[in-house]
Structure formats: structure tokens, C-alpha cells
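Residue-level structural notes
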Amino acid sequence: MCCSHSFENEHQPGTVPEVFDISAVKGMKFFDPHVHMTSRTTDDYQAMADAGVVALIEPAFWLGQPRTGLDSFRDYYSSLVGWERFRSSQFGIKHYCTIGLNSREANNEALAEQVMELLPLFIYKEGVVGIGEIGFDDQTAAEDKYYRLQLDLAREAALPVQVHTPHRDKKRGTQRSMDIAIEHGLAPYSVIIDHNNEETVKEVLDRGFWAAFTIYPFTKMGNQRMVEIVKQYGSERIMINSAADWGISDPLAVPKTAALMQQQGISAQDIELVTYRNAITAFAQSGQIDETEFTSTIDQSSKFAGNSILRGGQQPRIDKSSIIIS
Ligand SMILES: [Zn+2]
């Protein structure tokens, strides 16, 4: 997972990092355009809602271990457009997803062939705002093949593309991802290049693509580095996300980065663009995002296909700060 580039330490040695004070972002709202909620708990949903996350995008990705058959993909995609969206709604967060065959799983060609036939059954469903996350991992021939096929699918369906760029050999992998997208007739404005860093951002913006940054501990970007990038490049076509998943990650990465940006003099307008508005503008090209749907009333006793998030006769939880759990 580790990037090959070494960057300066984010904190001065010996200093204790400040605690995130949620009141710093009070009244702000956030859109996290890359977060794998299937891997997260209801506490994470609650914390995100409390910190102002009103909507999110869950890209399809891999489980952390190989899938053994097509039905595993079918159930996973079904949960992204079904149960997980419902679970999110129970915390007042509007859930969207992108559907795709990710780069790692493209390397199982026998299965990948079958998944390509499955994808058209899901990409036109309500709340699917793009094809993703697709692209390169090891930059193999199979990854190249299925990336290209899915770009064609995105073009036919007129959907934005969410591109995962590799951890290893990132600069070359990023350039290659953009070259191929253009070769397949996609407008750069419909392609969100994800997991950028200081090495890739300039070219991505210069070529007219969206530049997404993942604030992820240890491996991708830290948020102090992100503040410097916005100071240098501004806010046009830049967005940040948490990419929180089953690994050590932070579902509050977007609100925390907004707080840090505010502290370090980034304008309210720029913060709003990189933590909320730009993601909406980019993914609304799918025709699937209606901002008026973000503020929904929560009823934790409502049901999805007969099931609610309340187990065994639980009552909807109201006061999470109470020491008593009843
Ligand atoms: Zn991801």
C-alpha cells in the first residue's frame, strides 16, 4: 500500500497533535465521494452525520481477499444499491455508489469475463453515479483490458468514471489512465482521477480531469499536505475523500481536513468546493444527484425488504452520549 515517495513528517517531532473539535465544522456540510461503508460500523455513520457529512459515494472495490464466484459480485453490487443505501439513510446520509470491476479483480480473467456481463444490469440502477473504482493496480495486461472495456461501458451509459490510481509507480500509472481514457473517447471533465499526490496533481489538472485526493493515514495523503496543495493549486476541479474501508482509515477525514483548512487560512469558499461542491458537480453528470434529497428525516424503525437496522426489538437510539445503554 505504501507510496514510493517519501515526504516530510506532518507533525514536528515532540508536538502533540490537536484534538479534532467537531464544533469547528458546525454548520458546514460535506460530501465524501469515496468511502466503503460496507466495511464500517453504525458508529461511523453516526459520527459522520454528527460531523456534517450529508452524502457519500461508495465505490465498488475488492473484499481484501479473492472472490470465488460471480454470485459474490452480484450480492455485493446488490448491497451497494440496496441494503447499504438503506443503512446510510437511517443516519440521514444520502448514499450513492459507483459500480465496476476493480483492478485487482481484473486479474482473475475467467471471473472478470463474467463480471463484465453482470455490470450492465447494475450501472443503470437508481443512485449509481459512475463506473468505479476502476483503473490500474499492478498495471498488468488484464488490468489494461478491463479498464478499457469499462471505459467503453461508461461512454455508452454516459456515466462519469472514478479512476483508482496505483500505489506503485503512481506517476506512470496515472498518466496511462488518462491517456487511455482520452483514447476511448471520454471527456476529461467526466473522469475523476483518484488518489492523487504532489507528483500527479499538476498534470491531472492541466489535462482537464478532476483531481481527487484520498486522506488516508500512512499510505496516501495526510491532510497537512492537502492544505498545502489547495494553497498552491486552488480549488478548481479538486475534491477530497476518506476512502475509509476495512483498513486503518478515518471516515471523518473530510470534516477533519475542512477544520484544518479553516485553521490555516483557506477561504470558506475554497473549503466548500473541495469538501462538498466539486464532487457534486462532477458526479451529477450522471443525472442521479439531487441535492434537495440530502436532508431527509430519519426513521430508524423503517424497513428495507422487511429488515430494519434495529435487531431483536431494539428501540431507535437517541442519546449516544449517555453512559447507560438501554
Ligand atoms: Zn477505494
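Structure: see above.
Counting restarts for each chain: residues are numbered from 1 in the order of the written sequence. Note on the predicted model: pLDDT of at least 70 is required for a residue's local features to be given, and 80 or more for side-chain atom pairs to be given and counted; whole-chain, interface and lining totals, by contrast, use all residues. Just so you know, side-chain values use all the structure's heavy atoms and leave hydrogens and water out.

**Regarding the coordination of the zinc ion**
Which entries qualify depends on this criterion: In this listing, donors mean N, O and S atoms no farther than 2.8 Å from the metal, or 3.2 Å for Na, K and Ca; water is missing from the atoms, so a site can look incomplete. Think of it in three bands: residues with accessible area under 20% of the maximum for their type are buried, residues over 50% are exposed, and the middle band is partly exposed, with areas taken using a 1.4 Å probe on protein chains only.
Note on the zinc ion: its protein donors are His 34 (NE2), His 36 (NE2) and Glu 133 (OE). The metal-donor distances range over 2.1 to 2.2 Å. Read in sequence order, the donor residues coordinating the zinc ion give the pattern H-x1-H-x96-E. For the pair His 34 and His 36, one class covers both residues: buried.

**Observations regarding the packing of helix α6 (residues 141-157) against helix α7 (residues 170-183)**
Rule in force here: Geometry is summarised by axes, namely lines fitted to C-alpha atoms with helices restricted to the contacting stretch, and by angles between N-to-C directions that run from 0 to 180 degrees. Per the convention used, a helix needs a DSSP run of H or I reaching at least four residues, while a strand needs a run of E reaching at least two, with both numbered from the N terminus. For classification, angles of less than 35 degrees are called roughly parallel, those exceeding 145 degrees roughly antiparallel, those between 65 and 115 degrees roughly perpendicular, and all remaining angles oblique. Left-handed describes a crossing in which the near helix is turned anticlockwise from the far one by less than a right angle; the clockwise case is right-handed. For this analysis, residues touch if any pair of their heavy atoms sits within 4.5 Å. Asp, Glu, Lys and Arg are counted as charged, while Ala, Val, Leu, Ile, Met, Phe, Trp, Tyr, Cys and Pro are counted as nonpolar; the rest, among them Gly, fall into the polar class.
Orientation of α6 relative to α7, taken along the N-to-C sense of each, is 45 degrees, at an axis distance of 10 Å. With respect to α7, the element α6 is oriented oblique. Relative to α7, the crossing made by α6 is right-handed. In this structure, α6 contributes Asp 144, Tyr 147, Arg 148 and Leu 151 to the contact, and α7 contributes Arg 176, Ser 177, Ile 180, Ala 181 and Glu 183. Residue composition of the contact of α6 with α7, grouped by class: four nonpolar, one polar and four charged.

**Considering the environment of Glu 109**
Locating Glu 109 in the fold gives a position in helix α5 (residues 109-118). Excluding anything up to four places from it in sequence, Glu 109 contacts Ala 142, Lys 145 and Tyr 146.

**Topic: the pairing of strand β8 (residues 238-241)**
Convention followed: The pairing criterion for strands is at least two bridges between them, as found by DSSP. Convention used here: a crossover is right-handed provided that the path from the first strand, over the helix, to the second strand proceeds clockwise when the strands point away from the viewer.
Every second residue of β8 is oriented toward a common face, with Ile 238 and Ile 240 on one face and Met 239 and Asn 241 on the other, all of them buried. One ladder, built from four bridges, connects strand β7 (residues 210-214) with β8; its direction is parallel. Each bridged residue has a counterpart across the sheet, and for Phe 213 the counterpart in β8 is Ile 240. Once you follow β7 into helix α9 (residues 223-233) and on to β8, the crossover reads as right-handed.

**Quick look at the nonpolar core**
Note the threshold: Nine residue types can take part in a nonpolar core, namely buried Ala, Val, Leu, Ile, Met, Phe, Trp, Tyr and Cys, and a core is a set of them joined through side-chain atoms within 4.5 Å.
Residues Tyr 77, Ile 99, Phe 213 and Met 226 are the most contacted members of the largest nonpolar core, which totals 79 residues. Grouped together as the second largest cluster of nonpolar side chains are 17 residues, Phe 31, Ala 55, Tyr 96 and Ile 280 included.

**With respect to the pattern of salt bridges**
Applied cut-off: Here, a salt bridge means any Lys or Arg side-chain nitrogen found within 4 Å of an Asp or Glu carboxyl oxygen.
Tallied over the full model, the rule gives 22 salt bridges. Taken together, the shared-partner salt bridges in this structure form one network comprising Arg 104, Asp 137, Asp 138 and Arg 168.

**A look at the sheet that holds strand β2 (residues 53-59)**
With parallel pairing, eight strands are arranged side by side in an open sheet as β1-β2-β3-β4-β5-β6-β7-β8. If you trace the sheet from one side to the other, it starts and ends with β1 (30-32) and β8, each paired once. Recorded for the sheet is a direction-independent mean angle of 25 degrees between the axes of neighbouring strands. Examined bridge by bridge, strand β3 (residues 94-99) and strand β4 (residues 128-135) share three bridges and lie parallel to one another. By the bridge assignment for β4, Cys 97 is matched with Val 128. Against the sheet, helix α2 (residues 70-81) engages β2, β3 and β4, with an angle of about 150 degrees to β3.

**Some remarks on the pairing of β4**
Within a regular beta strand, the side chains point alternately toward one face of the sheet and then the other, so they alternate between its two faces. Counted residue by residue, β4 has eight buried out of eight residues, so it is predominantly covered. Sheet topology places β4 next to strand β5 (residues 161-164); four bridges connect them, and they run parallel. Of the residues in β5, the one forming a bridge with Ile 134 is Val 163.

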